[in-house]
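What follows is each chain in one-letter form.
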Amino acid sequence: MQGITFPGDRRAVLKEFPDPLPGPGEVVVRMRASGMCGSDLHFYRGAASFGGGADTVQGHEPCGDVHAVGAGVPREKAAVGDRVMIHHYWGCETCEHCRSGWPQMCDGGDVRIPCINEPGGHAPYMVVPVRTLLPLPDKLSYKAGAAIGCGTGTAWGGLKRLGDVGGTTLVVLGQGPVGLSGTMLASALGARVIAVDINDARLDRAREFGASEVVNSAETDIREAVLDLTGGRGANVVLETSGVANADALKVLGRWGRACFIGLPGPIEFKTEDVYKNQWTLVTSWTLSSVEQGRCADFIAARDLPVDRLFTRSWSLDQAAEAYEWFDRQTDGKGVFEF
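Residues numbered from 1 in each chain as written. Predicted model: local features only at pLDDT ≥ 70, side-chain atom pairs only at ≥ 80, totals over all residues. Heavy atoms only, no water.

J.: What is the right way to look at the packing of helix H4 (residues 151-162) against helix H5 (residues 177-188) in this model?
T.: Helix packing geometry: the angle between the two helix axes and the distance between the axes. Viewed as axis vectors pointing N to C, H4 and H5 meet at an angle of 55°, and their least axial separation amounts to 8 Å. Comparing the axis directions of H4 and H5 gives the class oblique. Relative to H5, H4 is oriented so that their crossing is right-handed. For the pair H4 and H5, contact is made by Gly151, Thr152, Thr154, Ala155, Trp156 and Leu159 and by Val178, Ser181, Gly182, Met184, Leu185 and Ala186, respectively. In the contact of H4 with H5, the residues fall into seven nonpolar, five polar and no charged. (Axes fitted to C-alpha atoms, helices over the stretch in contact; angles between N-to-C directions. Helix = DSSP H or I, 4+ residues; strand = E, 2+ residues; numbered from the N terminus. Parallel < 35°, antiparallel > 145°, perpendicular 65-115°, else oblique. Left-handed = near helix turned anticlockwise from the far one by under 90°. Contact = heavy atoms within 4.5 Å. Nonpolar A, V, L, I, M, F, W, Y, C, P; charged D, E, K, R; others polar.)

J.: Would you take a moment to explain the packing of aromatic side chains for this structure?
T.: To describe a pair of aromatic rings, one takes the distance between the centres and the angle between the planes. The final tally for this structure, using the stated rule, is nine aromatic pairs. Centroid distance Tyr324 to Phe327: 6.3 Å. Interplanar angle 75°. Geometry classified as edge-to-face. Pair noted here: Tyr324 and Phe327 are both in helix H11 (residues 320-329), with a separation of three residues, about one helical turn. Grouping residues by exposure puts Tyr324 and Phe327 together as buried. Here a set of aromatic residues connected by ring pairs shows up, and it is made of Phe6, Tyr44, Trp315, Tyr324, Trp326, Phe327 and Phe337. (Phe/Tyr/Trp six-rings, centres within 6.5 Å; stacked < 30°, edge-to-face > 60°. Buried < 20%, exposed > 50% of the residue type's maximum accessible area, 1.4 Å probe, protein only.)

J.: Would you mind showing me how to read the pattern of salt bridges here?
T.: Side chains bearing opposite charge may pair, as long as their charged atoms lie close to each other. Counted by the stated rule, this structure contains 15 salt bridges. Ionic pairing is found between Arg32 and Asp65, a salt bridge with its closest N-O pair at 2.6 Å. Taken together, the residues Arg32 in strand S3 (residues 26-35) and Asp65 in strand S4 (residues 62-69) connect sequence positions 33 residues apart. Among the ionic pairs, Glu93 bridges to Arg131, the shortest N-O distance being 3.3 Å. Remark: Arg131 occurs in the loop between strand S6 (125-129) and strand S7 (133-135) and Glu93 occurs in the loop between strand S5 (83-86) and helix H2 (96-99); sequence separation between them is 38 residues. (Salt bridge = Lys/Arg side-chain N within 4 Å of Asp/Glu carboxyl O.)

J.: Please explain the nonpolar core as it appears in this structure.
T.: Side chains of a nonpolar character, in soluble globular proteins, are inclined to be buried together. Counting 43 residues, the largest nonpolar core has Leu140, Leu170, Leu185 and Ile300 as the members making the most contacts within it. Those elements that provide at least two residues to this core are helix H3 (142-149), H4, strand S8 (169-173), H5, strand S9 (192-197), strand S11 (235-240) and helix H10 (290-303). Element by element, the count of residues in this core is highest for H10, at five residues. Contacts of Leu170, omitting those with residues within four sequence positions, involve Leu159, Val165, Ala186, Ala191, Arg192, Val193, Ile194, Val237 and Leu239. Within the second largest apolar cluster, 19 residues are counted, among which are Ile222, Ala235, Ala259 and Trp280. (Core = buried A, V, L, I, M, F, W, Y, C linked by side-chain atoms within 4.5 Å.)

All we've got here are geometric facts, nothing functional implied.
Now the structure itself:
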């Protein structure tokens, strides 16, 4: 089979790999959709040396059907034909973090991550431990399952870290795929969402995904705009998704406010005095647990949320170079490889 690799210098190259076979406790998943994530660009541009590079299949938003089952996998865990999402981390399976659905926090040794130290989903087939599988609700498309696996799931994970957002005024900074997901999910959870970006086209999409108001921070003072929209109180809650607007998060956060930072790679700088005088709660969030991935999918299915509309382009594997040239410009929405 062929898979997409990133040898560096903004190149996406197809390379031949053996068709995977499942070992004990493993399954082979036939890919149906493999999403393009903004973090791919760190590896694609050659800016992150720990990306799998020229020898590892890329893609960490996989979704598909169980194709083959290894020894020791009981029928109730996986059977050929099952529609599945994948929680794209696995660890020792015995430490408290792994056992609670947080293998990315594993204390027991080497965390395995597709696209970094395991083959990813930008190929027709992918082998994973059966414990990484989650059922894909019948109402959801494979594209939706791919998004929930990382980008949309990351927004959900950040909102869960913030606690109950129903009835709050919540500012979402950045309206790329993760930010739009945050806008959509927070609105469905009952928040009044103020969407912020520097691109009017993205702000137009934010309205479609549930934003009550939008602010172009390239054209207006963001603090003044949010204070005006909140009667001078500031935002109750802020979700920062861009990685470049961390300072703006604190500018718009009202007293007793809560902020979660999920965008990479920007630093978070603050004065301790400002935090305690305003009684702020500042947290970060790293994707989500396998438990919350399942809950996110169920929430989206129950409310018929338009996750598929996050994707503005669909590609085949042989269009890898063109697809990542397009994605690298970051002028449009989200892309996906479909099989």
